[in-house]
There are 2 protein chains.
Amino acid sequence: MEIYFIRHGIAVERQNGLDLPERALTKQGHKKTEKVAQRLRELGLKFDLILTSPYIRAQQTAQILMAARLSVNLEISDYLVPEGLLNEWLEQWWEPQPKSENTKLALVGHEPDLSQWAEILIWGEAKDRIVLKKTGMIGVEVPTTGSPLGQCQMFWLTPPRLLL
Amino acid sequence: MEIYFIRHGIAVERQNGLDLPERALTKQGHKKTEKVAQRLRELGLKFDLILTSPYIRAQQTAQILMAARLSVNLEISDYLVPEGLLNEWLEQWWEPQPKSENTKLALVGHEPDLSQWAEILIWGEAKDRIVLKKTGMIGVEVPTTGSPLGQCQMFWLTPPRLLL
């Protein structure tokens, strides 16, 4: 099974330091994300499901992936808000979820959360050692049985410029 | 500073299970590596130096990178043979080497060595959690001062298909 962590595209700046859920993608953010989505489509990637943070910039990013037909299933997930907890998501969402060996899942969200989730899955702890740019992606291979914590393998880490 | 770990391209199979240093790239290995090198060139990548394992398949890979003008400096390095030790390389080669903030270095070699070196630089220990395909690349950002062990950040991990 594969999980792809995808950070939202370039969004409008914070106002007065506030990280409002309403912050939207900029024009450039839209454009870059569309190009990356197109390239992923050309590479033959298909997600069984895209889960996205409810924040607007993440939802817009997920919508662009959907428009590029990278998936036909989209779910808005509160687990993916900033400071969302990996353990809660694993217990309450991942474990009960029906999965097959070939399941491919995309999680669209925020930093530093996504790279920390990936690190915990790969090495068992988060040390902020992965650089995940906006519209960047991390791909991890998840073992089909047992806890995925510290047991996943990383096979993909791209800043968007590699896919433009 | 950045270090790029680049695994050699597809080589001819082992004969009688022996990993001979003379194993050369196949035609397909040449072709794929040339395409990846061309793409890296288009991305504007430039290495101050390419260090390569003396094994033929690694030297050929390094020569293809040179032919794509990704560097003008090539050095054959015994530290990069299979089972070469990161600590020896760091002490004897890396530390005495003159470097600047913008130094970009490419190491061409073998698996599982390269991904293990990268893991030790990033997380402090090797757990075989990075999948590095043939002609695949890992990019790590190295702090300019102090020991790099467990202090590097990973910003790039690509199987060749992402760069073809």
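Structure: see above.
All figures in this text were calculated on a predicted structure; none of them were measured in a lab.

**Description of the overall build of chain A**
Turning to step 1, where the next piece is worked out: Along the backbone of chain A there are four helices and six strands.
Turning to step 2, where the next piece is worked out: When the helices and strands of chain A are read in sequence order from the N terminus, they spell out β-α-β-α-β-α-β-α-β-β.
Turning to step 3, where the next piece is worked out: Its C-alpha atoms give chain A a radius of gyration of 15 Å, near enough to 15 Å, the size a compact globule of 164 residues would have.
Turning to step 4, where the next piece is worked out: Considered along the principal axes of its C-alpha atoms, chain A spans approximately 40 × 35 × 25 Å.
Turning to step 5, where the next piece is worked out: In chain A, buried positions account for 51% of the 164 residues.
Turning to step 6, where the next piece is worked out: Excluding contacts between residues fewer than 6 apart, the proportion of contacts in chain A whose partners are at least 24 apart in sequence is 70%.
Turning to step 7, where the next piece is worked out: Surface exposure of chain A reaches about 7500 Å², of which carbon and sulfur atoms provide 47%.
Turning to step 8, where the next piece is worked out: Computed over 19 positive and 20 negative side-chain charges, the separation of the two mean positions in chain A equals 12 Å.

**Quick look at the pattern of salt bridges**
Turning to step 1, where the next piece is worked out: The tally for this structure, following the rule as stated, stands at eight salt bridges over all chains.
Turning to step 2, where the next piece is worked out: Salt-bridge contacts for Asp-19 of chain A lead to Arg-57 of chain A; the nearest nitrogen and oxygen are separated by 2.8 Å. With a gap of 38 residues between them, Asp-19 of chain A in the loop between β1 (2-7) and α1 (27-42) and Arg-57 of chain A in helix α2 (residues 56-67) connect regions that are remote in the sequence.
Turning to step 3, where the next piece is worked out: Accessibility expressed as a relative area gives 25% for Asp-19 of chain A, which makes it partly exposed.
Turning to step 4, where the next piece is worked out: We classify Arg-57 of chain A as buried; its relative accessible area is 3%.
Turning to step 5, where the next piece is worked out: Between Arg-39 of chain B and Glu-42 of chain B there is a salt bridge, with its nearest N and O atoms 3.7 Å apart. Here Arg-39 of chain B and its partner Glu-42 of chain B are both found in helix α1 (residues 27-42), three residues apart, which amounts to about one turn of the helix.

Reading the values: the criteria
Residues numbered from 1 in each chain as written. Chains lettered and ligands numbered in written order. Predicted model: local features only at pLDDT ≥ 70, side-chain atom pairs only at ≥ 80, totals over all residues. Heavy atoms only, no water. Helix = DSSP H or I, 4+ residues; strand = E, 2+ residues; numbered from the N terminus. Rg over C-alpha atoms; globule rule 2.2 N^0.38 Å. Buried < 20%, exposed > 50% of the residue type's maximum accessible area, 1.4 Å probe, protein only. Contact = heavy atoms within 4.5 Å. Areas by Shrake-Rupley, 256 points an atom, 1.4 Å probe, with all protein chains shown as cover. Lys, Arg positive; Asp, Glu negative; His and termini not counted. Charge placed at Lys NZ, Arg CZ, Asp CG, Glu CD. Salt bridge = Lys/Arg side-chain N within 4 Å of Asp/Glu carboxyl O.

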